[in-house]
Amino acid sequence: MTLIKSISGIRGTIGGTQGDNLTPIDAVKYAAAYGAWVKQQRNKDEYRVVVGRDARISGSMMQQLVMNTLVGMGIHVIDLDLSTTPTVEMAVMMEHADGGIILTASHNPKQWNALKLLNNKGEFLNADAGQEILDLAENADLEFAEVDDLGEIHRNDAYIDLHIDEILQLDLVNKEAIEKANLKVVVDGVNSTGGIAIPLLLEALGVQAVKLYCNPTGEFPHNPEPLKEHLGDLMEMVKDENADFGIVVDPDVDRLAFVDENGDMFGEEYTLVAVADYVLQHTPGNTVSNMSSSRALRDITRKRGGAYTASAVGEVNVVQMMKDTNAVIGGEGNGGIIYPELHYGRDSLVGVALFLSYLADVKMSVSALRKTYSPYFMSKKKIQLTPQINVDEILKGMASKYANEEVNTIDGVKIDFAENWVHLRKSNTEPIIRIYTEAATQEAADTLADAIILEIKAIAGI
């Protein structure tokens with residue numbers, strides 16, 4: 001059982017002991033700290049915060065606790081109820097609200113939940129703001145509203161539709177061409193809110209949607225992380241339905257992966273690559289992804305005449321680097337698309353719409369499109385942490401060992417070799433060290449990862 005308090009939010013397992021897990025007391029504590037932080041940002045008569053959730057089982061309980069805590073702080077709440085992370089982000093912008101909270105543990109299993117915190121731009125908080133909220137929660141010197149100054153809860157169920165409307169207005173979303181392509185797509189919504197939002201988007205674009213696990217019960221039918229080993233049912237249904245491709249999202253709909261018409265993975269790293277390729281052909285410019293993402297984005301960016309930059313891992317870091325470099329598209333290799341023309345947040349809905357527009361434009365199958373990109377293969381492994389492991393010493397030792405290579409230490413240690421790379425970092429959301437590698441073949445990527453793991457164990461003495 002776990003409670004992880006970090007600058008990126010509060011994440012934990014439901015039940016158990018307060019302070020060691022995500023209990024109702026912890027939910028109230030951190031929601032109150034966030035409310036206090038919101039009120040510190042601007043001195044005004046009225047504050048409003050948007051709150052939405054994915055469909056996981058604990059979501060309704062957590063949302064009621066959070067919303068009523070904000071009410072107790074004298075903050076008005078715009079209640080989106082079942083929603084998606086990018087939809088909440090859009091709602092903060094469209095409501096000109098003071099912030100937002102999404103109740104979701106993203107790709108974590110059903111026993112997990114989390115408070116994802118947004119600023120008044122509908123973007124995730126930076127490190128300084130996150131630390132301020134953690135400090136407020138620990139100091140517990142919080143002031144609540146008197147009875148005549150309590151906030152109110154206002155329900156608004158329209159924002160998924162409004163989010164889709166905004167996507168349809170984008171210049172690069174070619175609804176007419178998509179309709180003419182007469183596409184059939186299978187959607188795996190992992191029984192969460194993607195099962196609501198993605199079929200609605202496809203319907204609006206004139207695409208036939210075949211639903212798989214689209215009932216938002218929160219009972220995830222498989223591990224909710226959209227990886228190949230979890231998607232056997234989707235792969236089979238794409239073939240059985242003779243569909244053009246399949247779509248899978250994580251429970252809060254900010255990660256996006258595709259399955260081609262043969263039931264094979266398009267590759268979650270290539271979601272961003274393909275969408276970026278389409279965007280760059282129409283609006284040349286720069287791109288950004290994090291240090292654990294594929295070189296394929298760098299390749300396609302340079303091919304289209306732009307400059308590629310790698311950021312530290314974490315959406316807030318990608319967004320800041322995108323702003324700094326005036327990037328036209330960016331995101332993360334885990335299937336997270338950030339398209340600034342809409343908003344600065346990972347958004348599976350806009351990713352789907354842009355990918356469909358590209359397919360309609362090039363008039364080729366999904367498998368044929370995949371073959372047009374550099375053949376890179378990644379290995380993503382991890383080492384479970386124990387109290388005996390000194391992560392900082394491990395990373396320092398690895399950086400020293402490979403000092404003659406191209407080494408970047410802004411986020412863990414990334415070692416760029418001529419033909420491949422490895423990135424080592426401590427996870428912000430789980431008690432593990434992540435080991436990501438990339439090479440020209442899967443065997444080479446796996447071999448490099450296994451060799452690095454052995455070196456880490458030697459340094460750690462395990």
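Note that the structure is predicted; figures quoted are calculated from it, not measured.

Draft legend 1. Region of interest: the overall build of the chain. The helix and strand tally for the chain stands at 15 helices and 20 strands. By principal-axis analysis of the C-alpha atoms, the chain measures approximately 65 × 60 × 40 Å. The buried share of the chain, reckoned over its 462 residues, is 58%. Carbon and sulfur atoms make up 46% of the accessible area of the chain, which amounts to about 18,600 Å² in all. Across the chain, the 40 positively charged side chains and the 67 negatively charged ones have centroids separated by 5 Å.

Draft legend 2. Summary view of a negative patch on the surface. Residues D141, E143, E146, D148 and D149 make up a contiguous surface patch of negative charge. Along the chain, D149 turns up in the loop between α4 (127-139) and β7 (153-155).

Draft legend 3. A look at the sheet that holds strand β14 (residues 327-332). Strand order in the open sheet made by the four strands is β13-β12-β14-β15, with mixed pairing throughout. Each end of this open sheet is capped by a strand with a single partner; those strands are β13 (308-311) and β15 (336-338). Between one strand axis and the next, the sheet turns through 20 degrees on average, direction left out of account. In the sheet, strand β12 (residues 286-290) pairs with β13 via four bridges, with the strands oriented parallel. Each residue of the ladder has a partner; that of N290, found in β13, is S311. Helix-sheet contacts for helix α10 (residues 296-303) involve β12 and β13, and the interaxial angle to β12 is about 175 degrees. Helix α11 (residues 315-325) contacts β12, β13, β14 and β15 of the sheet and is inclined by roughly 165 degrees relative to β14.

Draft legend 4. Main features of the packing of aromatic side chains. If you walk through the whole model with that rule in mind, you get nine aromatic pairs. Ring centres 5.6 Å apart and planes at 85 degrees place the aromatic pair Y402 and F417 in the edge-to-face group. Residue Y402 is located in the loop between α14 (391-401) and β17 (406-408), and its partner F417 is located in the loop between β18 (413-416) and β19 (421-426); the two are separated by 15 residues in the primary sequence. Given the relative accessible area of 15%, F417 is considered buried. Chaining the aromatic ring pairs together yields one cluster made of F245, F258, F266 and F355. Between the NZ or CZ atom of K380 and the centre of the ring of Y436, over which it lies, the distance is 5.4 Å. When the ring centre of W421 is taken as reference, the NZ or CZ atom of K414 above it lies at 4.2 Å.

Draft legend 5. How the structure looks around the pattern of salt bridges. This structure, assessed with the given rule, holds 29 salt bridges. Ionic pairing is found between K44 and D98, a salt bridge with its closest N-O pair at 2.8 Å. Note that K44 is positioned in the loop between α1 (24-41) and β3 (48-53) and D98 in the loop between α3 (85-95) and β5 (99-103), a separation of 54 residues in sequence. Between K401 and E455 there is a salt bridge, and its shortest N-O distance comes to 3.4 Å.

Draft legend 6. Representation of the environment of A274 within the structure. Among the structural elements, A274 can be located in helix α9 (residues 268-282). For A274, a relative accessible area of 0% puts it in the buried group. Considering only alpha carbons, one finds A274 and Y358, 84 residues apart in sequence, at a separation of 8.2 Å. If we skip the residues at most four places from it in the chain, A274 touches F266, F355, Y358, L369 and Y373.

Draft legend 7. Fine view of the packing of α9 against helix α12 (residues 348-362). One can describe the packing of α9 onto α12 by two numbers: an axis separation of 9 Å at closest approach and a directional angle of 70 degrees. With respect to each other, α9 and α12 are oriented roughly perpendicular. Crossing of α9 against α12: the hand is left-handed. Judged by residue contacts, A274, V275, D277, Y278, V279, Q281 and H282 of α9 engage G351, L354, F355, S357, Y358 and D361 from α12. For the contact of α9 with α12, the per-class residue count stands at seven nonpolar, four polar and two charged.

Draft legend 8. View of α3. Counting buried residues along α3, nine of its eleven residues qualify, which places the element largely inside the surrounding structure. Turning to α3, its buried residues are T85, P86, T87, V88, E89, M90, A91, V92 and E95. Buried residues belonging to α3 abut β3, β4 (76-82), β5, β6 (112-118), α5 (159-168) and α11. H96 lies just past α3 and shows a positive phi near 50 degrees.

Draft legend 9. Unusual backbone geometry, seen in detail. Phi is positive for N182, close to 55 degrees, though the residue is something other than glycine. Structurally, N182 is set in the loop between α6 (175-181) and β8 (184-188).

Draft legend 10. Spatial organisation of the nonpolar core. The biggest cluster of nonpolar side chains holds 55 residues, and the ones touching the most others in it are I198, L202, F245, I247, L354, F355 and L356. Ranked by residue count, the leading element in this core is α12, at ten residues. With sequence-adjacent residues up to four places away left out, F355 is seen in contact with F245, F258, F266, A274, V275, V366 and L369. Judged by nonpolar contacts, the second largest core, of 33 residues, contains A27, V51, L125 and L136.

Definitions and cut-offs
Residues numbered from 1 in each chain as written. Predicted model: local features only at pLDDT ≥ 70, side-chain atom pairs only at ≥ 80, totals over all residues. Heavy atoms only, no water. Helix = DSSP H or I, 4+ residues; strand = E, 2+ residues; numbered from the N terminus. Buried < 20%, exposed > 50% of the residue type's maximum accessible area, 1.4 Å probe, protein only. Areas by Shrake-Rupley, 256 points an atom, 1.4 Å probe, with all protein chains shown as cover. Lys, Arg positive; Asp, Glu negative; His and termini not counted. Charge placed at Lys NZ, Arg CZ, Asp CG, Glu CD. Patch = residues over 30% accessible without salt bridge, like charges linked within 9 Å, V, L, I, M, F, W, Y side chains within 5 Å. Salt bridge = Lys/Arg side-chain N within 4 Å of Asp/Glu carboxyl O. Pairing = 2+ DSSP bridges. Axes fitted to C-alpha atoms, helices over the stretch in contact; angles between N-to-C directions. Contact = heavy atoms within 4.5 Å. Phe/Tyr/Trp six-rings, centres within 6.5 Å; stacked < 30°, edge-to-face > 60°. Lys NZ or Arg CZ within 6 Å of the ring centre and 35° of its normal. Parallel < 35°, antiparallel > 145°, perpendicular 65-115°, else oblique. Left-handed = near helix turned anticlockwise from the far one by under 90°. Nonpolar A, V, L, I, M, F, W, Y, C, P; charged D, E, K, R; others polar. Core = buried A, V, L, I, M, F, W, Y, C linked by side-chain atoms within 4.5 Å.

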